[in-house]
Amino acid sequence: MPTRGRRRRRSQPTCGLALAASPPTGGPLPPVPLHAHSMRIRDLGGACPVAGNGLTLGKTIAKARRRKGWPQRDLAAMIDRSESWVSQVERDVIPVNSLDALRQISDALDIPLADLLAAAPSGPAPASTRRRPTSARVVRNLGPEEGDDPVRRRELLAAAAVVFTTPLAGASPASASTLAPLEDHLLYGTATVPKRSEVSPVGVAAEVKASRQEFRAARYDTLARNLPGRIAQAQALEPVETSATAVADLYNIATRLCIKLGEDGLVAITADRALTSARIGGDALTIAEAHRMVSSAWRRQGHLARATDIAVRAAQDVRGDRSTHETARLSASVSLLATAAYTAAKMGDRPTAHGLIGEAAEAAEIGRTSSEARTDTGTQQVLLHQLSVHYLLGDAGQAIDLARTINPAALPTAERQGRFFTDVARCFDQWGKPEQCYRALLAAERAAPQEIRRGSVKNLASGLLRHDRTLPGVRAFAGRAGVAVN
């Protein structure tokens, strides 16, 4: 996380998103051109100042974490950061002046936000006198703006805490209302077979295919409305094995939808039902995808090592199964290995993350996308996960360099395109580039408007509100993303 001390510039990779080099002075933002954009990184700063209780912000966080008995990787998982980032914060190598980051830490560790605000640095940290090694690894720029008055900054930060803390604590009204029919069916079995629906293998298969298409097109509202009836339709099918496989496929899709909308409680329920039904049905590919969803559910609950193991073992199992075509088995294993790599990166396990994503890339090169696959696979999918791995490990420079090699138009679905631009926005945010972050988010919205409901987008939009004078339209965007904007 750079400070505003002495700068040392060096040439950095360019990104094919080509977000403008200088901040706009007013008026609408121009379209995002697809040409190179040069970037620089700043040196990291020194230690944070000491709070009134004698503890720095880093020491305050470390003390609260140890009181809970958590290792750094568990806290990192709770606040969607890398273990390396947490380590640097606790050692006061980098400051944390972002209200959003402080709020996440406050919620995770049960520390009053006011205590963290009191310990947060009120001005630029002194530049380090140690020589930094040349590296593409960077961390998020959360330092104060140049020319900020420290007292006024502290007052504005405290005022923002009062205004925004409560509205941002839970799911947005949009996601809560969107998933209400699915939640009712999970809890009370309220869904019935829709009128004019065909309860036959062909009819149910068509509904499963339609559900996948709606997810890939990022039509999450439509999918959420249709899923309960489609699940009821699949449950009415005979024989039981055919019914169970179709039900599992639909619950797998439901799990992915709940992940998109940040409903972790429903993620755990839908993933469990998917795996239960998949085992009854006995289809190897459906079982593999259900294990991937269970792995995601465990990851989102903070059980990172177990989540990694689940995905890796499922990849081994599906590749060893001989009941399905080899290409389909290979595609399923690619998806599982990429998921495991993402989880390992979230745990801060750099060697394992790079090893798994490398294995996934090799498998993707050998095979090709299968029409039987339960999820989008292939080389482009692996690249998207590799981009996320770089981000989670704090390697924003490498992530942006990789993004330059990906053609968004070549990504097969609107959901993949929206995810790509969202991940690029997270990398620019980690790099401390608010304008480029905002442009990437606008590109994500153009590709998949409902994708901006994700919790990560809302967090980014909330942070960008600090720059509303230089980012025209950012307040309106934040409102569309579900941020409470006054």
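Refer to the structure presented above.
Only a predicted model underlies this, so the values are computations on that prediction, with no experimental measurement involved.

A few points about the nonpolar core
Piece 1. By size, the foremost hydrophobic cluster in this structure holds 65 residues, and its most contacted members are Phe420, Val424, Leu441 and Phe477.
Piece 2. No other element matches helix α15 (residues 326–346), which puts twelve residues into this core.
Piece 3. Those residues in contact with Leu441, other than ones at most four positions away along the chain, are Ala425, Val457, Leu460, Leu464 and Phe477.
Piece 4. Core analysis: the next-biggest nonpolar cluster, separate from the first, contains 38 residues, Leu179, Val204, Leu250 and Ala290 among them.

Quick word on the packing of helix α20 (residues 434–447) against helix α21 (residues 455–464)
Piece 1. Orientation of α20 relative to α21, taken along the N-to-C sense of each, is 140°, at an axis distance of 11 Å. Put simply, α20 runs oblique to α21. Helix-helix and strand crossings are classified by hand; for α20 and α21 the assignment is left-handed. Judged by residue contacts, Pro434, Cys437, Tyr438 and Leu441 of α20 engage Val457, Leu460 and Leu464 from α21.
Piece 2. Residues that form the contact of α20 with α21 fall into these classes: seven nonpolar, no polar and no charged.

What about helix α9 (residues 201–216)?
Piece 1. For α9, with 16 residues, the first-to-last C-alpha span of 23 Å sits near the 22 Å given by 1.5 Å per residue.
Piece 2. Here α9 has its buried residues at Gly203, Val204, Val208, Ala210, Ser211, Arg212, Glu214 and Phe215.
Piece 3. Just downstream of α9, Ala218 is the residue with a positive phi angle, here 60°.

Considerations on the packing of aromatic side chains
Piece 1. Within the structure shown, the criterion is met by three aromatic pairs.
Piece 2. Geometrically, the ring pair formed by Tyr438 and Phe477 is edge-to-face, given 6.0 Å between the ring centres and 70° between the ring planes. Residue Tyr438 is located in helix α20, and its partner Phe477 is located in helix α22 (residues 474–480); the two are separated by 39 residues in the primary sequence. Of the two residues, Tyr438 and Phe477, both sit in the buried class.

Topic: the environment of Leu223
Piece 1. Topologically, Leu223 is positioned in helix α10 (residues 220–235).
Piece 2. With 31 residues separating them along the chain, Leu223 and Ala254 place their C-alpha atoms 8.6 Å apart.
Piece 3. Filtering out sequence-adjacent residues up to four positions away, Leu223 remains in contact with Ser211, Glu214, Phe215, Arg230, Ile253 and Leu257.

Some words on the environment of Ala341
Piece 1. Note that Ala341 resides in helix α15.
Piece 2. Separated by 44 residues in sequence, Ala341 and His385 have C-alpha atoms that sit 7.8 Å apart.
Piece 3. Look past the residues within four positions of Ala341 in its chain and what remains in contact with it is Ala353, Leu356, Ile357 and Val389.

Things to note about a nonpolar patch on the surface
Piece 1. Taken together, the side chains of Leu187, Tyr188 and Ile269 make up a nonpolar region of the molecular surface, amounting to roughly 310 Å² of accessible area.
Piece 2. Summarising the element assignment, Leu187 is placed in helix α8 (residues 180–188).

Let's talk about the pattern of salt bridges
Piece 1. All chains considered together, the criterion is met by 19 salt bridges.
Piece 2. The salt bridge involving Arg65 is made with Glu90; its shortest N-O contact spans 2.6 Å. Pair noted here: Arg65 is in helix α1 (residues 57–68) and Glu90 is in helix α3 (residues 83–90), with a separation of 25 residues, a long-range link. Across the pair, Glu90 and Arg65 agree in class, each one buried.

Conventions adopted
- Residues numbered from 1 in each chain as written.
- Predicted model: local features only at pLDDT ≥ 70, side-chain atom pairs only at ≥ 80, totals over all residues.
- Heavy atoms only, no water.
- Core = buried A, V, L, I, M, F, W, Y, C linked by side-chain atoms within 4.5 Å.
- Buried < 20%, exposed > 50% of the residue type's maximum accessible area, 1.4 Å probe, protein only.
- Helix = DSSP H or I, 4+ residues; strand = E, 2+ residues; numbered from the N terminus.
- Contact = heavy atoms within 4.5 Å.
- Axes fitted to C-alpha atoms, helices over the stretch in contact; angles between N-to-C directions.
- Parallel < 35°, antiparallel > 145°, perpendicular 65-115°, else oblique.
- Left-handed = near helix turned anticlockwise from the far one by under 90°.
- Nonpolar A, V, L, I, M, F, W, Y, C, P; charged D, E, K, R; others polar.
- Expected span 1.5 Å × (residues − 1).
- Phe/Tyr/Trp six-rings, centres within 6.5 Å; stacked < 30°, edge-to-face > 60°.
- Patch = residues over 30% accessible without salt bridge, like charges linked within 9 Å, V, L, I, M, F, W, Y side chains within 5 Å.
- Areas by Shrake-Rupley, 256 points an atom, 1.4 Å probe, with all protein chains shown as cover.
- Salt bridge = Lys/Arg side-chain N within 4 Å of Asp/Glu carboxyl O.

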